Amino acid sequence: NNTLRTVIEHTTTGATNFAALTPAQLGLPDGITATFSGDAIAGKITISGTPTTANVFGYAIPLNGGCGGVEARGKITVNPLPSKPVLTHSCAAGSGNVGIITITNANTNDEYSLNGGVYQASASFNNLANNSYTVVARDKITRCESIASQHEVINCGCSHAPTLTLSGTSGSPS
C-alpha cells in the first residue's frame, strides 16, 4: 500500500499553530494531512496519511505565532504502486491435481507473493493443490505493494480418481 512509511514530525518553539490552509495549499499530496499539537513552548506538526497520487511533493507549512515568516518545509516522494496482478491458471498434464498460476501482466521490476507467502522473482507458481489463491506484486526497489489480485480458483480434478468395477448384473431393465 502507499501509506507513509513513517509519520513526519516537525518540532516548533514559539509557534501556536499553522496557517488554516488545505493540504493541497500546503503542498501536501491528496490523502495526507498535517496537524498541530502542543503550545508556544513545545509544539509539533505531524504529517500522516495515505497518499493517492504518485509524484514528488514539496510542502511549506506557515507557522502562526513567534516571530512570523517561519515555515516547516520538506519533501514527500510518493512512488507508484505496482500493477494489480492479472492471473491465469492451468493444470499440469499427467500430474493429477497439480495446478500452475501465471501472472499475465508481470513486470521485471516486481516480485510476487502467493497467499501472503515469501516473495519470488518468477511470475509463475507451480505444483499448486486445488484451492483459491491471490497474488500481490511488490516493487523490488521501493518495496511498494500492489492491490491483491482477484481470487484464482484451481480445480484440476482428483489425483486419485475413484474407480468402479462391475462384476455382474442383476435385475432387469425397466
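Cut-off values and rules
- Residues numbered from 1 in each chain as written.
- Predicted model: local features only at pLDDT ≥ 70, side-chain atom pairs only at ≥ 80, totals over all residues.
- Heavy atoms only, no water.
- Helix = DSSP H or I, 4+ residues; strand = E, 2+ residues; numbered from the N terminus.
- Disulfide = S-S within 2.5 Å.
- Buried < 20%, exposed > 50% of the residue type's maximum accessible area, 1.4 Å probe, protein only.
- pLDDT = per-residue confidence, 0-100.
- Contact = heavy atoms within 4.5 Å.
- Pairing = 2+ DSSP bridges.
- Axes fitted to C-alpha atoms, helices over the stretch in contact; angles between N-to-C directions.
- Polar contact = N/O pair within 3.5 Å; in protein donor to acceptor, adjacent residues only side chain to side chain.

Draft legend 1. Main features of unusual backbone geometry. With a phi angle near 50°, N115 is a residue other than glycine that sits in the positive phi range. With respect to the helices and strands, N115 occurs in the loop between β9 (110-114) and β10 (124-128). The phi angle at R143 is positive, at roughly 70°, despite the residue not being glycine. For R143, the location among the structural elements is in the loop between β12 (135-139) and β13 (152-154).

Draft legend 2. Structural context of the state of the cysteines. In total, this model carries one disulfide according to the counting rule given. Linked covalently through their sulfurs, C91 and C156 form a disulfide whose S-S length is 2.0 Å. What sets the handedness of the C91 and C156 disulfide is the S-S torsion sign, and at about -90° it is left-handed. Here C91, found in strand β7 (residues 87-91), pairs with C156, found in the segment after β13; they are 65 residues apart in sequence, far enough to count as distant. The partly exposed category is assigned to C91, whose relative accessible area is 41%.

Draft legend 3. The confidence of the model for the protein chain, seen in detail. Taken residue by residue, the protein chain gives an average pLDDT of 86. The fraction at 70 or more is 84%. Element-level pLDDT for the protein chain is lowest in β13, with a mean of 86, against a maximum mean of 96 in β9.

Draft legend 4. Up close: the environment of I45. Along the polypeptide, I45 turns up in strand β4 (residues 43-49). Through-space distance from the C-alpha of I45 to that of I8 is 8.1 Å; in sequence the pair is 37 residues apart. Here I45 is in contact with I8, E9, H10, T12, F18, A34, T35, F36, I61, L63 and A72, once residues within four sequence places are set aside.

Draft legend 5. Spotlight on the sheet that holds strand β8 (residues 99-103). The strand order across the open sheet built from three strands is β7-β8-β10, with neighbouring strands paired in antiparallel fashion. In this open sheet, the two edge strands, each paired with only one partner strand, are β7 and β10. On average, adjacent strands in this sheet sit at an angle of 15° to one another, irrespective of strand direction.

Draft legend 6. Spotlight on the environment of I101. Looking at the secondary structure, you find I101 in strand β8. Taking C-alpha positions, I101 is 9.0 Å from C91, a pair spaced ten residues apart along the chain. Other than its neighbours up to four places away in sequence, I101 contacts L87, T88, H89, L114, A123, S124, F125, L128, Y133, E152 and I154.

Draft legend 7. The arrangement of the sheet that holds strand β6 (residues 71-78) in detail. With antiparallel pairing, three strands are arranged side by side in an open sheet as β2-β5-β6. The open sheet terminates on both sides in strands that have one partner only, identified here as β2 (15-18) and β6. This sheet shows a mean twist of 30° between the axes of neighbouring strands, independent of strand direction. As paired elements, strand β5 (residues 55-65) and β6 share eight bridges and run antiparallel to each other. From the neighbouring strand, P62 faces β6, where its bridge partner is E71.

Draft legend 8. Quick peek at the side chain of S113. Mapping S113 onto the fold places it in strand β9. Side-chain polar atoms of S113 contact the backbone oxygen of G117, separated by 2.7 Å. The contacts of S113, once residues within four sequence positions are left out, are V118, Y119, F125, T134, V135 and V136.

Draft legend 9. Inspection of the environment of K75 at higher detail. Among the structural elements, K75 can be located in strand β6. Judged by relative accessible area, which is 61%, K75 ranks as exposed. Here the alpha-carbon distance between K75 and Y59, two residues 16 residues apart in the chain, equals 6.1 Å. Other than its neighbours up to four places away in sequence, K75 contacts V56, F57, G58 and Y59.

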